[in-house]
Amino acid sequence: MTDVRDHLREWAMPHVLCPGCAHGIVLRSFLEAVDEQEIDRNRLAMVAGIGCSSRLVGYVDFCTLHGTHGRAPAFATGLKMARPELHVVVVTGDGDGLAIGANHLIHAARRNIDITVLLLNNSIYGMTGGQAAPTTPTGAVASTTPGGNTEPNFDACKLLIGAGASFVARVLAANPIEMTRVMVEGMTHSGFSFIEVVSDCPEYYGRYNGMGGGADMLTWMAGREVGVTGPLSSKRFVNHVPSSTAPPGMATGIIQREERPVFTGVHGEGSHGP
Amino acid sequence: MSDDSSGLLLAGVGGQGVILAGMIVADALVRAGHDVKQSEVHGMAQRGGSVFSHIRWGSSVDSPLVPLGSAEVLAAFEWAEALRWVEYVREGGAVVADLRTIVPPGSCTDRRSWSIRYPDIDPDLLGRRTLKTRIVDASSTAAELGNIRAANSVILGSVAAFLDIEHVHWEAAIERLVPAGTEAVNLTSFRAGCEVVEASIPPRPADPDGFPGPHEIDIRHEWCKGCDICSRVCPEYCLEVGIDGELALVDAEACTGCRLCELLCPDFAIAVSPPTENVSRGELVASAGDPP
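**Brief notes about the overall build of chain B**
Check the secondary structure of chain B and you find nine helices and 14 strands. In chain B, which comprises 292 residues, the proportion classed as buried is 45%. Taking contacts inside chain B between residues at least 6 apart in sequence as the whole, the part at least 24 apart equals 64%.

Structural data, given as structure tokens:
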């Protein structure tokens, strides 16, 4: 039996993430997905920007690229165009990908370039001290919204469907087996795949909002899961989240999957150039 | 209550059709001209509750409940249920028991070895020698006749052999009450049940020699941050985080290898590997301890 820890840069461990932060669970599930597909570690490139989630690429022994804040999809686009044979995976967070980097994200989706984006949504800016993010739910307390957030929050999956992503899914960090399955589906999808992973931030979001530690937040999360595809089933999927039955942010599964022409950066078919 | 009243008890587990069988018996008795009362409980036999149907008949019956030790016949649709309700049968009464065994989840004593605590199929366990017993293999008989779901009619046929009711009444009741389209197979099954020979009791399956030992849980303490997720998700309470934040493996033997701790550890601090060696059944039984 292989151990996913073989993919870690042991010298960099333990990672910087706080106790109870589910980002590590997401990384583990991703490594399981890599093992399941038997991807050669030299042909897998992980690209990240800035933020807690983006720290993850520092701990894996693949080809990794730590870029500038919010620009990971832009780096990844360039990388995929130059080296189309690589599996390119972007790890970004809700602040990185939906605030400063939202433009790069939606345009990568619009082009339908064949990369996979994992967006780890912990509903807050964790690394910089718990400020409200575009994903902080209305009413939630953050360091910049001590009386509760007065703004509505993004539904990242709806945003990406609107932008034209050909594969959109949402999974919970509390459900690692489903997470691995959806990651495999997303990585094997031809075109832009976007996977929102609902993660936690016990240190800021959990503490400010009285939600307890990591275990409490995972339990909370798991209790609010509304599957749109059915657990562990890759056969059935629906195109849109039924808004009347699914509470925002917690409808999980593969929400969108369609075949569209994949962007390669050149005219004509199959000519990637040298 | 008249002195000529008799009682019959049907027992099984949920979904077997005990209630319908009870209705058929009651209907047949009414057709035979008796005053009949029937009462039933249908609740979770597999989890310790009861699924049974009491039927009493005679020239005049006031209560449907069959008193302990007074039933003419006990028809058990499942072997353990026969043992459970046999005390209701009067001296010299009859027990019709199906060979079928449906092991309740609570009988599992060890999930690694699949050890179960379930009685042997042994007529001696029914206790009293004065009982007339008939052990049937209703499912096989019904399956041979074309529909395994007519098994209860085989049992009713066996019950009919112990009761003084004309078969025409039984058959009329079956025809009226069974699901439409299954009348023919139920009637043939009933007739087969009247004549069914004693089923041969299968030998107890041999116990396997050994079972996989416990899974091995490897903890990298230098990576663990004591976040408590693993100890909270472990269904067997194998792990514990002390007040000093140090993770400890407190019950390695209890691990069933579900890997929840490993999959949900954000710090890659836990690895669960499959057992490398077998243990004998004896060791497992010893480590499982006495039932509560």
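**Remarks on the nonpolar core**
Residues and elements named next belong to chain A. Core analysis: the biggest nonpolar cluster contains 53 residues, and Phe30, Leu31, Met183, Ile195, Val197 and Leu218 have the highest contact counts within it. Elements with a contribution of two residues or more to this core: helix H1 (23–37), strand E1 (44–48), strand E3 (87–93), strand E4 (116–121), strand E5 (167–172), helix H6 (176–188), strand E6 (193–198) and helix H8 (214–222). In terms of residue count, H1 provides more of this core than any other element does, seven residues in total. Ignoring any residue separated from it by four or fewer positions in sequence, one finds isoleucine 195 in contact with Thr116, Val117, Leu118, Leu119, Phe167, Ala169, Val171, Val182, Met183 and Gly186.

**Side note on the environment of A:Ser29**
Residue and element names in this part refer to chain A. Here serine 29 is to be found in helix H1. Since its relative accessible area comes to 2%, serine 29 is described here as buried. Along the backbone, serine 29 and alanine 173 are 144 residues apart, and their C-alpha atoms lie at a distance of 8.8 Å. Contact partners of serine 29, with chain neighbours within four places excluded, come to Pro176, Met179, Thr180 and Met183.

**Section: the interface of chain B and chain A**
With 22 residues of chain B at the interface, the matching set in chain A holds 30 residues. Overall, the association of chain B and chain A removes approximately 2,000 Å² of surface from exposure, summing both partners, and the carbon and sulfur fraction of that is 63%. Among the residues chain B hides against chain A, the three largest losses belong to B:Trp223, B:Leu263 and B:Phe268. Together they make up 35% of the total. Run the count over chain B and chain A and you get five salt bridges. In this structure, the salt-bridge partner of B:Arg232 is A:Asp216, at a minimum N-O distance of 2.8 Å. The interface formed by chain B and chain A contains 10 residue pairs in polar contact (both at pLDDT 80 or more). The element best represented in the side of chain B that touches chain A is strand E13 (residues 270–273) of chain B, accounting for three residues. Of the residues that constitute the side of chain B that touches chain A, the class distribution is 13 nonpolar, no polar and nine charged.

**Side note on the confidence of the model for chain B**
Residue and element names in this part refer to chain B. Mean pLDDT over chain B stands at 84; residues scoring 70 or higher make up 86%. For the stretch residues 288–292, pLDDT sits under 50, and the model shows three contacts to residues farther than four places along the chain or on other chains. Predicted as a complex, the structure gets a pTM of 0.68 and an ipTM equal to 0.85.

**Some thoughts on the side chain of B:Glu78**
All names here are of chain B. With respect to the helices and strands, glutamate 78 occurs in the loop between strand E4 (71–76) and helix H2 (79–85). In terms of polar contacts, glutamate 78 uses its side chain to reach the backbone amide nitrogen of alanine 80, at 3.1 Å. Among the polar contacts listed, one links the side chain of glutamate 78 to the backbone nitrogen of glutamate 81, at a separation of 3.2 Å. Look past the residues within four positions of glutamate 78 in its chain and what remains in contact with it is Ala11, Val13, Gln16, Asp98, Arg100, Thr101, Ile102 and Tyr118.

**Let's talk about the packing of H1(A) against H6(A)**
Residue and element names in this part refer to chain A. In contact at an axis separation of 8 Å, H1 and H6 are set at 55° when each is read in the N-to-C sense. In terms of orientation, H1 lies oblique with respect to H6. As for how H1 packs across H6, the hand of that crossing is right-handed. Facing Ile25, Val26, Ser29, Phe30, Glu32, Ala33, Glu36 and Gln37 of H1, the residues of H6 in contact are Pro176, Met179, Thr180, Met183, Val184, Met187 and Thr188. Of the residues that constitute the contact of H1 with H6, the class distribution is nine nonpolar, four polar and two charged.

**Description of empty space enclosed by the protein**
All names here are of chain B. By the definition in use, this model includes three cavities of 30 Å³ or more. Put simply, the largest cavity is a space of about 100 Å³. What lines the largest cavity is a set of 14 residues, among which Cys234, Cys238, Cys255, Cys258 and Cys261 lie closest to the centre. Considering only residue class, the lining of the largest cavity consists of 10 nonpolar, two polar and two charged. When its volume is computed, the second largest cavity comes out at roughly 80 Å³. Forming the boundary of the second largest cavity are 14 residues, of which Cys224, Cys227, Cys230, Cys265 and Pro266 lie nearest the centre. By residue class, the composition of the lining of the second largest cavity is 10 nonpolar, one polar and three charged.

**With respect to the packing of aromatic side chains**
All names here are of chain B. Scanning the model with the defined rule gives four aromatic pairs over all chains in all. Judged by centre distance (4.8 Å) and plane angle (75°), the ring pair of phenylalanine 52 and tryptophan 85 falls under edge-to-face. Separated by 33 residues along the polypeptide, phenylalanine 52 in strand E3 (residues 50–58) and tryptophan 85 in helix H2 bring together distant segments of the chain. The buried category is assigned to tryptophan 85, whose relative accessible area is 10%.

**Some details on the pattern of salt bridges**
Counted by the stated rule, this structure contains 24 salt bridges over all chains. The residue A:Arg170 makes a salt bridge to A:Asp155 at a minimum N-O spacing of 2.7 Å. Of this pair, A:Arg170 sits in strand E5 while A:Asp155 sits in the loop between E4 and helix H5 (156–163); the two residues are 15 residues apart in sequence, bridging distant segments of the chain. Of the two residues examined, A:Arg170 and A:Asp155, each falls in the buried class. B:Arg90 is the partner of B:Glu72 in a salt bridge, and the nearest nitrogen-oxygen pair spans 2.4 Å. Highlighted residues: B:Glu72 in strand E4 and B:Arg90 in strand E5 (residues 89–98), separated in sequence by 18 residues. Taken together, the shared-partner salt bridges in this structure form one network comprising A:Arg28, A:Glu32, B:Arg259 and B:Glu262.

Calculation criteria
Residues numbered from 1 in each chain as written. Chains lettered and ligands numbered in written order. Predicted model: local features only at pLDDT ≥ 70, side-chain atom pairs only at ≥ 80, totals over all residues. Heavy atoms only, no water. Helix = DSSP H or I, 4+ residues; strand = E, 2+ residues; numbered from the N terminus. Buried < 20%, exposed > 50% of the residue type's maximum accessible area, 1.4 Å probe, protein only. Contact = heavy atoms within 4.5 Å. Core = buried A, V, L, I, M, F, W, Y, C linked by side-chain atoms within 4.5 Å. Buried area = accessible area lost by both parts, 1.4 Å probe. Salt bridge = Lys/Arg side-chain N within 4 Å of Asp/Glu carboxyl O. Polar contact = N/O pair within 3.5 Å; in protein donor to acceptor, adjacent residues only side chain to side chain. Nonpolar A, V, L, I, M, F, W, Y, C, P; charged D, E, K, R; others polar. pLDDT = per-residue confidence, 0-100. Axes fitted to C-alpha atoms, helices over the stretch in contact; angles between N-to-C directions. Parallel < 35°, antiparallel > 145°, perpendicular 65-115°, else oblique. Left-handed = near helix turned anticlockwise from the far one by under 90°. 1 Å grid on protein atoms, 1.4 Å probe; cavity = no way out; pocket = protein on both sides within 12 Å on 5 of 7 lines; lining within 4 Å. Points joined across faces, edges and corners; volume = space filled by probe spheres on them. Phe/Tyr/Trp six-rings, centres within 6.5 Å; stacked < 30°, edge-to-face > 60°.

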